[in-house]
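Each chain, letter by letter, is given below.
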Amino acid sequence: MPQVGRNDPCPCGSGKKYKNCCMKADRAKRIRESAWHREEQVTLNKLIAFAQRPAFQPQLTVAFNLFWNGNYGAEGWNALGKDEIGRFLDWYVHDYRLEQSKKRLVDVFLEEAGATLLPTERQRVRAWLDSYMSVYRIAGLGQPGTLSLVDILTGKEETTAGDALGQLAVMGDLILGRILRSSQPPHFSWAAILLPTTLEADLASYMTSAYEKHKERYPEATWPDFLSQSSYMLNHQLLKHAAEGRKPVRVGAAYYDASRTVEALREAERRLREQAARQAEERRKEQERRPQDKEPPIKQTQGGILLPGSVEYRDRAQRKQPRVSTRAKQKEG
């Protein structure tokens, strides 16, 4: 919404000047919202720090490769910008299942670090537990400062805070993100991205097909269950579009474009291949420098047994008879 001047008519329609009507209440509301967002960021920072503990480092690498659909490791991490790393971390802490326990990191965080959190922080984290990533179509404006949305996968209608994405979007645009219900109204997590409406049919078809296959194995699974476990597939589809050169039409540079990320990951993959080739060449040269031990010849016994070494056997007629001493001969005589 455009900024309202102090002496402008109040947007509420009272006929009074803004400074004599709603200005103080709006300012107080903005201060509360700003404080609330800062507190949430502090809690989120604690969760992310917990998820990057050394004990979880092997899982972090597995999760990174899963989200970006490759085998990049640290090379890929260093190739991406902070926004893409942020998108990954948002998915990693909320949705990724640890290989052994099958628990999410947000669940483990609440179990192991919950006692160290403030009561408001524990309440906030519990409100995050039911979140999942999905794709929402902007259907219109709700109450002042809110967005009316429709989940294109589940068909569920939602009302969220009209944050920065709402200011950039137009009717029919898509928001790929996670709705957090730790505020009223709910709000998108900081890693949400804006997509053009032209992607709706493709994303809906792709995820619906995957969901139907998932239900063949897990008949009781719901859309939230499936998305909580498999929302990384949405990122795979965006990477596929970028790899095929299907860039979104930009409106004020607002839409997410994965083409730079695809190029960065391709470059990381190229460096990894070169590194693997150098290591293989070094191993080959090292083997050539080592003295080669000669294997002993293999001889065959009369019984057909193969034995190593120079083994010789005479015929029975040629074998030496045991010597008999002179004294023994005399006794025989």
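These figures come from a predicted structure and were not determined experimentally.

Turning next to the packing of aromatic side chains. Aromatic ring pairs: the centre-centre distance and the angle between the two ring planes describe each pair. In the structure shown here, the tally under the stated rule is 18 aromatic pairs. Among the aromatic residues, those joined into a ring-pair cluster are Phe64, Phe67, Trp68, Trp77, Phe88, Trp91, Tyr92, Tyr96 and Tyr232. Across from the ring centre of Tyr256, 4.7 Å away, lies the NZ or CZ of Arg87, which sits over that ring.

Inspection of the entire model under this criterion finds zero disulfides. Sulfur of Cys22: no disulfide; nearest cysteine sulfur belongs to Cys10 and is 3.5 Å away.

Below, the discussion takes up the pattern of salt bridges. Under the counting rule described, the total for this entry stands at 19 salt bridges. With its nearest N and O atoms 2.4 Å apart, the salt bridge here joins Glu75 to Arg271. With Glu75 in helix α3 (residues 73–79) and Arg271 in helix α11 (residues 259–289), this residue pair connects regions lying 196 residues apart in the sequence. For the salt bridge of Lys156 with Glu158, the shortest nitrogen-to-oxygen distance reads 3.6 Å. The exposure class assigned to Lys156 is partly exposed, which follows from its relative accessible area of 43%. Residue classification places Glu158 among the buried residues on the basis of a relative accessible area of 8%. Via salt bridges that share partners, Glu75, Glu267, Arg270, Arg271 and Glu274 belong to a single interconnected network.

Over the atoms a probe the size of a water molecule is rolled, and this reveals where empty space is left. Considering only enclosed or pocket space, the second largest pocket measures out at about 390 Å³ in volume. The wall of the second largest pocket is formed by 18 residues, among which Lys82, Asp83, Glu84, Arg87 and Tyr256 lie closest to the centre. Every element with two or more residues in the lining of the second largest pocket is listed here: α4 (82–94) and α11.

Here is what the cut-offs are and how they apply
In this convention, every chain numbers its residues from 1, walking through the sequence in written order. Only residues with pLDDT of 70 or above have their local features reported here, since the model is predicted, and side-chain atom pairs are shown and tallied only from 80 upward, although totals for entire chains, interfaces and linings are computed over all residues. Side-chain figures throughout are based on the complete set of non-hydrogen atoms in the structure, without hydrogens or water. Think of it this way: a Phe, Tyr or Trp ring, Trp meaning its six-membered ring, pairs with another when their centres are within 6.5 Å, and the plane angle makes it stacked under 30 degrees, edge-to-face over 60, tilted otherwise. Put simply, a charge is over a ring when the Lys NZ or the Arg CZ is close to the ring centre, within 6 Å, and near the line of the ring normal, within 35 degrees. When two cysteine sulfur atoms are found within 2.5 Å, that pair is recorded as a disulfide. Any carboxyl oxygen of Asp or Glu within 4 Å of a side-chain nitrogen of Lys or Arg constitutes a salt bridge here. Strands here are runs of E lasting at least two residues and helices are runs of H or I lasting at least four, both read from the DSSP assignment and numbered beginning at the N terminus. Burial classes: relative accessible area under 20% of the type maximum marks a residue as buried, over 50% as exposed, and values in between as partly exposed (1.4 Å probe, protein chains only). Only protein atoms enter the 1 Å grid, on which a cavity is a set of points fitting a 1.4 Å probe that cannot get out and a pocket is an open set with protein on both sides within 12 Å along at least 5 of 7 lines, lining residues being those with an atom within 4 Å of a point. Grid points are joined across faces, edges and corners, and a volume is the space filled by probe spheres set on the points.

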